[in-house]
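# Overview (structure and organization)
Each chain, written out:
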Amino acid sequence: MRAGSGKASRAIHSSLLSPSGRGRGEGKVEMPKASKTKTIFICQNCGSESPKWFGRCTDCGEWNTAVAEERIEGKTRWTPLEERERGKPVRLLDVEDRVTERYATGVDEFDRTLGGGIVPGAVVLVGGDPGIGKSTLLLQVLVRLVENDFKTLYVSGEESASQTKLRAERLGPIPGELLFACETDISQVLHYIKDVGPQVVVIDSIQTMYKSEIPSAPGSVSQVRECALELLNYAKGSDVSVLLVGHVTKDGIVAGPRVLEHMVDAVLYLEGERHHNYRILRAAKNRFGSTNEIGIFEMREEGMVEVINPSGVFLKERPLGLSGSVVVASIEGTRPMLIELQALVTRTAYNYPQRVATGFELRRLSLLLAVIEKRAGLHLSGSDVFFNVAGGMSTEEPGVDLGVVLSVSSSFKNKAIEDGIVAIGEVGLGGEVRGVTHVERRVVEAERLGFKECIIPKNNLSSIKGFGKGNIKVTGVSSILEALERIL
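Conventions used here
Residues numbered from 1 in each chain as written. Predicted model: local features only at pLDDT ≥ 70, side-chain atom pairs only at ≥ 80, totals over all residues. Heavy atoms only, no water. Helix = DSSP H or I, 4+ residues; strand = E, 2+ residues; numbered from the N terminus. Buried < 20%, exposed > 50% of the residue type's maximum accessible area, 1.4 Å probe, protein only. Contact = heavy atoms within 4.5 Å. Areas by Shrake-Rupley, 256 points an atom, 1.4 Å probe, with all protein chains shown as cover. pLDDT = per-residue confidence, 0-100. Pairing = 2+ DSSP bridges. Axes fitted to C-alpha atoms, helices over the stretch in contact; angles between N-to-C directions. Arc of directions from axis to C-beta.

### Some details on the overall build of the protein chain
Secondary structure assignment for the protein chain yields 12 helices and 21 strands. Within the protein chain, the proportion of its 488 residues that are buried is 46%. For the protein chain, the share of sequence-separated contacts (at least 6 apart) that also reach a separation of at least 24 residues comes to 65%. Accessible surface computed for the protein chain: about 25,700 Å², of which carbon and sulfur atoms make up 50%.

Written out as structure tokens, the structure is:
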């Protein structure tokens, strides 16, 4: 009885699994397989993937670049080769020559940073801190382009149409042909671009775009990389210029994979202090122009206003007859600029003296302080040194080294530098003043603003022609000791 009852129960169980009642193994109900989600870690610098978290990337060697990302197994991110359009290699010699004319936007400082304007088919990445003015600047660029009969499209994934219109009305009259779309799906964005046929497109921002085939959230490493690649491929095939807005991390670099900066043709950073009205648009990469070129803007209620005379603007609040203040001539890209350096040297109240720098690299400042102490005999080891580039500017140009040495020494001795002097020169570890590039441009800029004397490296005297007889005197020095004897 027990054996029979067991067979009967198995038969009943089999019939439940087989609704048609045709016996075991027939009419089986297939349960859907659950998608498996796994977590992978992607290096933001090189894009390599790992199933486990890593402190240092094994491919590129960078530290703390691992970002976690959820991925669904079984979903492919790539289009099979047979479904893609196949091209054919051609001989480079047979490629037709084309003279590419840039699109002059009418915003001269923006055009200057790009090397003369927007190149057709170029992809430009514009990064900067939140609220620095990236969207406002690019909206102004599109307004000027439309006024010059260009067809444009502004795609926003962060603001609605009404919000963007409110911002545009502050800039002045809105052109009737300025097109706008609020979308985050990259496939739909490309559909809009194909329908409209614009010459210039703004994507605000690339971190809000997503591709539905990729099972990860917008802003992730995979989404940012793949969406940028879609736009890049379309831009190169259709000569549509694409301007991408990119968020930055706390370290000041564009969020997402570092490979994004390698993909685009130009990378621009909009810099500036929150408590200053001035903004600096700096080219960190440009395949079609000079790198480290800058454009100067002033943030006002009516938008970003170009600064035509930046040297005069940054020097207009300079205190006269104050120790620790000196004017230097820096070259930013191709533009000579006069900026003020300020140093404050005081006796320290701590066991270890403080070294604080704003707008200047701290390591470079420490190196120059060691040179001053060793070669000039000024004992700074018991003093705090606070250094600042006035006006919210920042500079990494080696031609301002002599100005740093003079400003620190002036504050240490509490002696003011003459108001009409401009310092130019790179300082070596031996205390020597080395030659710099574009010295004639720097001297011309100093003369234009009414300065009376330029202290330059002695090796650059041969490249200065026609100076010393007019309104400005040029003095050559070979060491920091010689410069200090002349000025202090």
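Don't stop here, the text continues.
### Observations regarding the confidence of the model for the protein chain
With 86% of its residues at a pLDDT of 70 or more, the protein chain shows a mean pLDDT of 85. For residues 7–25, every residue scores under 50 in pLDDT, and the model assigns this stretch 12 contacts once sequence neighbours within four places are set aside.

### Looking at the pairing of strand β10 (residues 278–286)
Most of β10 sits inside the fold, with 8 of its 9 residues counted as buried. Of the pairings in the sheet, the one linking strand β9 (residues 266–271) to β10 comprises 6 bridges and is antiparallel in character. Directly across from L268, in β10, lies its bridge partner A283.

### Some details on the pairing of β9
Buried residues dominate β9, accounting for 5 of its 6 residues. Looking at chain direction, strand β4 (residues 123–128) and β9 are connected through 5 bridges and run parallel. Directly across from G127, in β9, lies its bridge partner Y269.

### Quick word on the sheet that holds strand β20 (residues 453–457)
Strand order across the open sheet formed by 7 strands is β15-β16-β14-β13-β17-β20-β21, with mixed pairing between neighbours. Only two strands of the sheet have a single partner each, and these edge strands are β15 (355–358) and β21 (473–477). Going across the sheet, the axis of each strand differs from the next one's by a mean of 25°, ignoring polarity. Pairing between β15 and strand β16 (residues 383–389): 4 bridges, direction parallel. Paired with T358 across the bridge in β16 is N388. In the packing of helix α10 (residues 401–413) onto the sheet, contacts are made with β13 (325–332), β14 (335–347), β16, β17 (421–423), β20 and β21, and the angle to β14 comes to roughly 30°.

### Comments concerning helix α4 (residues 161–170)
T164, R167 and A168 are the residues of α4 that are buried. All buried residues of α4 lie within an arc of 100° about the axis, which places them on one face of the element. Along its buried surface, α4 packs onto α3 (134–147), β5 (152–156) and β6 (179–182). At the C-terminal side of α4, G172 shows a positive phi close to 130°.

### Regarding the sheet that holds β10
The 9 strands are arranged β6-β5-β7-β8-β4-β9-β10-β11-β12 in an open sheet whose pairing can be described as mixed. Lying at the two open borders of the sheet, with one neighbouring strand each, are β6 and β12 (303–306). Pairwise comparison of adjacent strand axes, ignoring direction, gives a mean angle of 25° for this sheet. Where β5 lies against β6, 4 bridges are found, and the strand directions are parallel. Directly across from Y154, in β6, lies its bridge partner F180. Contacts between helix α5 (residues 186–196) and the sheet are confined to β5, β6 and β7 (200–204), with β5 contributing the most and set at about 165° to the helix.

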